[in-house]
Amino acid sequence: MTPSKPLPPVVTFTTGAPLLVELGLVESITADGLRYLSRRQDWPFGDNKRHQYGHAGNARTMDTEVFLDYFRTGPPRGGRGRPPRQS
């Protein structure tokens, strides 16, 4: 699915969650769900990682394409109590 408007250059946890749903990359997710996923070893952003967080006010920002690629190419993710989706 394509977005209804051009993609922003960066996303935050709050703006990234609805974008993932809009693009059909996840069935549902919240900003807190993204924050939970960001604790995983394979999360691409953070200190000593390939991609650093940016900052806009008090929010951490992430490059939109890197963020989306993580969900396009990463391992299948299931919610708590559900097995991961089979590709």
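Scroll up to find the structure.
So, a few notes on the structure that sits alongside this text.

Criteria and thresholds
- Residue positions are counted from 1 within each chain, in the order its sequence is given.
- Given that this is a predicted model, residues contribute local features only at a pLDDT of at least 70 and side-chain atom pairs are listed and counted only at 80 or more, while totals for whole chains, interfaces and linings are drawn from all residues.
- Heavy atoms throughout the structure, all of them, feed into the side-chain values; hydrogens and water do not.
- Here a strand is any run of E in DSSP of at least two residues, a helix any run of H or I of at least four, and the numbering for each starts at the N terminus.
- Only protein chains enter the accessibility calculation, which uses a 1.4 Å probe; a residue whose area is less than 20% of its type maximum is buried, one above 50% is exposed, and one in between is partly exposed.
- Two residues form a contact once any of their heavy atoms are found within 4.5 Å.
- What makes a nonpolar core is a set of buried Ala, Val, Leu, Ile, Met, Phe, Trp, Tyr and Cys residues whose side-chain atoms join them at distances within 4.5 Å.

## Thoughts on the side chain of Thr64
For Thr64, the position within the fold is in helix H3 (residues 64–73). Using a relative accessible area of 2% as the deciding quantity, one classes Thr64 as buried. The contact partners of Thr64, leaving out residues within four places of it in the chain, are Leu7, Pro8, Pro9, Val10, Val11 and Leu19.

## Observations concerning the nonpolar core
Within the largest apolar cluster, 21 residues are counted, with the highest numbers of intra-cluster contacts made by Leu20, Leu34, Trp43, Met62, Phe67 and Phe71. Looking at this core, the elements with two or more residues in it are helix H1 (13–22), helix H2 (31–37) and H3. When residues in this core are grouped by element, the largest group, five residues, is from H3. Ignoring sequence-local partners within four residues, the contact set of Phe67 consists of Val11, Gly16, Leu20, Leu34, Trp43, Phe45 and Met62.

None of the figures reported here should be taken as evidence of function without further support.
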